[in-house]
Amino acid sequence: MPQRPFESVIFCELIDQHIQDDNQARAASLAEDYGHLARQLTRRGVDIDDLVRRAMAFRVAVPSWGVGAGGTRFARFPLAGEPRDVFEKLEDCEVVFKLTRVTPGISLHIPWDRPSDAAALRAFAHGRGLFIDSMNSNTFQDQPGQAASYKFGSLSHTDKVVRRHAIDHNLECLDIGTRLGARSHTVWIGDGGNFPGQVHFRRSLERYLQSMREIYAALPDGWRLFIEHKFYEPAFYSTVLNDWGTSYHCATQLGPRAFSLVDLGHHAPNVNVEMIVSRLIQFGKLGGFHFNDSQYGDDDLDAGSIKPFQLFLIFNELVDAERSGVPGFDPAYMLDQSHNVTDPIESLVTSAVELVRAYVQAHLVDRDALGAYQEANDPLMALQTLKQAFTTDVAPILAMARRRAGGAIDPIAVYRSSGYRRRKTAERPSAARLGAGIV
Ligand code: LRH
Ligand code: MN
């Protein structure tokens, strides 16, 4: 196990010191803002400390592939101090956790994060207060020397040799994940066609299901299997696992431990994603989320950066289910973003903050009033009831929750004043990996 370089030990203590000093300087103004909001909410019959407790308990996993520079099919621009291996990725994930206190879980992607020593990686994570959350397989890229190419698909490929290869890769992910203490496996495939007639829609889905049955059968005890749908890309005419209906069907076919995972960017523009979330909750098959945002396609932009009201409406459905005690309701929250032009740590920090904001605002919805307006068919007041929650500035609650949990009142200010990126740039000579693609 790579020893934690002396610098990075010192450095993490430095971040802790930066957090304390900066929080000290902001304590008085936070107390004033918090007090003002507390009085406002008390008038609305809301206990602000209850919301702080809920914000402190919120959890969202960070994608290991999110701390590196992301790219598009056109280009990927290098990031100074970019992590060069899974251990350095976890170092950066630790900074996100230290500042926000809501991201201890890390999702890994195989083979990008295949550990040479799983026990060492698990200990490295635990030593930093982190744990391995969901495993993600990759049957959308060929590996060097791979004979059975995924060019025309993977788990749904017409050639059983390729399907075998893809199944075995997923079984390897389950094995690695077991040794890392993970508790779920996420399967997204890019299988599909670029032209009408290229892929038989029914036979390809049947082949996919056949392959998934073998993966499901090998699922370790206590694990969940997440099926991630996407309406297009990399295939540009038809996609085998194209929408929530197909995902739901497959999850029910596979069994009680298979669920649908909703990546927000995997839906056509204008699709009502919060309604899909509500359906999957009602059908008992909502497994989790890949949160991000998008203007057009699967843009993988920072959560809450383009459509914050949609994010709020999604959490409104989630909190409604949480508060009404829907049986088995336990969705896994994960971020899945590509940071092409920002410092990934800053984007992950602000995205985690935006998720907690939407979650707390959703708890501010007066659900009795909303229910009454719905029953009375009073659409205007129903919408106003939601808007009152969405337009409440809960920033003091979010900051107080971070502070009480040992995080930063202003995480970006602390991160920038810490000089972390500059230090890592010195510590990690840049790989200068020019090229294109998501990572
Ligand atoms: C596909 C996806 C999927 C991945 C990948 C990194 O678009 O959302 O979750 O595995 O991005
Ligand atoms: Mn995703």
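Data block above holds the structure.
Below is a summary of the structure that appears in this document. (Residues numbered from 1 in each chain as written. Chains lettered and ligands numbered in written order. Predicted model: local features only at pLDDT ≥ 70, side-chain atom pairs only at ≥ 80, totals over all residues. Heavy atoms only, no water.)

### Concerning the overall build of the chain
What the chain contains, in helices and strands, is 15 helices and 10 strands. By the compact-globule yardstick of 22 Å for 439 residues, the chain fits well, its C-alpha radius of gyration being 22 Å. Taken over the C-alpha atoms alone, the chain extends approximately 65 × 65 × 40 Å along its principal axes. When contacts within the chain are restricted to residue pairs at least 6 apart in sequence, long-range pairs at least 24 apart make up 80% of them. Carbon together with sulfur atoms contributes 54% to the accessible area of the chain, which is approximately 19,100 Å² in total. Taken together, the 47 basic and 53 acidic charged side chains of the chain have centroids lying 2 Å from each other. (Helix = DSSP H or I, 4+ residues; strand = E, 2+ residues; numbered from the N terminus. Rg over C-alpha atoms; globule rule 2.2 N^0.38 Å. Contact = heavy atoms within 4.5 Å. Areas by Shrake-Rupley, 256 points an atom, 1.4 Å probe, with all protein chains shown as cover. Lys, Arg positive; Asp, Glu negative; His and termini not counted. Charge placed at Lys NZ, Arg CZ, Asp CG, Glu CD.)

### Examining unusual backbone geometry
The step from I110 to P111 runs through a cis peptide bond, and the omega angle for that step is 15°. Take P111: it is sitting in the loop between β2 (105-109) and α4 (118-126). Cis peptide bonds are those with omega within 30 degrees of zero, and the linkage from E233 to P234 qualifies with 10°. Tracing the backbone through its elements, the reader meets P234 in the loop between β6 (224-228) and β7 (238-239). Residues other than glycine seldom take positive phi values, yet R101 does so here, at roughly 65°. As for its position among the elements, R101 is in the loop between α3 (86-100) and β2. Under the relative-accessibility criterion, R101 is labelled partly exposed at 23%. Backbone geometry at E233 places phi at a positive 70°, although glycine is not the residue there. Owing to a relative accessible area of 32%, E233 belongs among the partly exposed residues under this scheme. (Buried < 20%, exposed > 50% of the residue type's maximum accessible area, 1.4 Å probe, protein only.)

### Section: the layout of surface pockets
If you add up the space inside the largest pocket, you get close to 1,000 Å³. Lining the largest pocket are 38 residues, and of these K230, E233, D298, D300 and I438 lie nearest its centre. Tallied by class, residues from the lining of the largest pocket come to 12 nonpolar, 16 polar and 10 charged. In this model, the second largest pocket occupies a volume close to 500 Å³. What lines the second largest pocket is a set of 24 residues, among which R59, D330, P331, A332 and Y333 lie closest to the centre. Contributions of two or more residues to the lining of the second largest pocket are made by α2 (48-57), β3 (131-136), β6 and β10 (332-335). Element by element, the count of residues in the lining of the second largest pocket is highest for β3, at three residues. Partitioned by chemical class, the residues of the lining of the second largest pocket number 13 nonpolar, four polar and seven charged. (1 Å grid on protein atoms, 1.4 Å probe; cavity = no way out; pocket = protein on both sides within 12 Å on 5 of 7 lines; lining within 4 Å. Points joined across faces, edges and corners; volume = space filled by probe spheres on them. Nonpolar A, V, L, I, M, F, W, Y, C, P; charged D, E, K, R; others polar.)

### Quick word on the coordination of the manganese ion (ligand 2)
Surrounding the manganese ion (ligand 2) are the protein donor atoms E228 (OE), D263 (OD), H290 (ND1) and D336 (OD), which sit 2.1 to 2.2 Å from the metal. Coordination at the manganese ion (ligand 2) is octahedral: its six donor atoms span angles of 72 to 171° at the metal. Here the donor residues of the manganese ion (ligand 2) share one chain and are spaced in sequence as E-x34-D-x26-H-x45-D. Of the two residues, E228 sits in strand β6 while D263 sits in strand β8 (residues 258-263), which places them 35 residues apart along the sequence. D263 matches E228 in its accessibility class, with the two residues each being buried. (Donors = N, O, S within 2.8 Å, 3.2 Å for Na, K, Ca; no water. Tetrahedral: all angles 85-135°; square planar, octahedral: opposite > 155°, others 65-115°.)

### Topic: the sheet that holds strand β9 (residues 286-291)
A sheet is described by the order of its strands in space; here eight strands give the open sequence β1-β2-β3-β4-β6-β8-β9-β10, paired in parallel fashion. Here the strands that pair on one side only, and so sit at the sheet edges, are β1 (62-63) and β10. Where β6 meets β8, four bridges bridge the pair, whose relative direction is parallel. Bridge pairing in β8 links F226 to F259. The strands touched by helix α6 (residues 201-217) within the sheet are β4 (184-187), β6 and β8, with β6 carrying the most contacts at an inclination of about 155°. Across the sheet, helix α7 (residues 244-254) touches β6 and β8, and the angle it forms with β8 is around 160°. (Pairing = 2+ DSSP bridges. Axes fitted to C-alpha atoms, helices over the stretch in contact; angles between N-to-C directions.)

### Observations regarding the packing of helix α10 (residues 344-363) against helix α14 (residues 411-418)
Between α10 and α14, whose axes approach to 10 Å, the crossing angle comes to 160°. Of the possible angle classes, the one that applies to α10 and α14 is roughly antiparallel. Between α10 and α14 lies a crossing of right-handed hand. In this structure, α10 uses I345, E346, V349 and T350 to contact α14, whose residues at the interface are P411, I412, Y415 and R416. (Parallel < 35°, antiparallel > 145°, perpendicular 65-115°, else oblique. Left-handed = near helix turned anticlockwise from the far one by under 90°.)

### Quick look at the pattern of salt bridges
One pass over the structure, following the stated rule, counts 29 salt bridges. Among the ionic pairs, D22 bridges to R26, the shortest N-O distance being 2.4 Å. In this pair, D22 and R26 are both assigned in helix α1 (residues 6-43), four residues apart and thus about one turn of the helix distant. Residue D22 is classed as buried on the basis of its relative accessible area, which comes to 16%. Classification of R26 as partly exposed rests on a relative accessible area of 27%. Among the ionic pairs, R367 bridges to D320, the shortest N-O distance being 3.5 Å. (Salt bridge = Lys/Arg side-chain N within 4 Å of Asp/Glu carboxyl O.)

### A closer look at the pairing of β4
The side-chain alternation of β4 yields two buried faces, one formed by S184 and T186 and the other by H185 and V187. Handedness of the β-α-β unit built from β3, helix α5 (residues 160-180) and β4 comes out right-handed. Bridge count between β4 and β6: four bridges; the pairing is parallel. For S184, the partnering residue across the bridge sits in β6 and is R224. (Right-handed = clockwise from strand over helix to strand, strands pointing away.)

### Some thoughts on the environment of P396
Residue placement: P396 occurs in helix α13 (residues 395-404). Given a relative accessible area of 11%, P396 falls into the buried group. It is 5.2 Å that separates the C-alpha atoms of P396 and Y34, two residues lying 362 residues apart in sequence. Setting aside residues no more than four positions away along its own chain, P396 makes contact with L30, D33, Y34 and L37.

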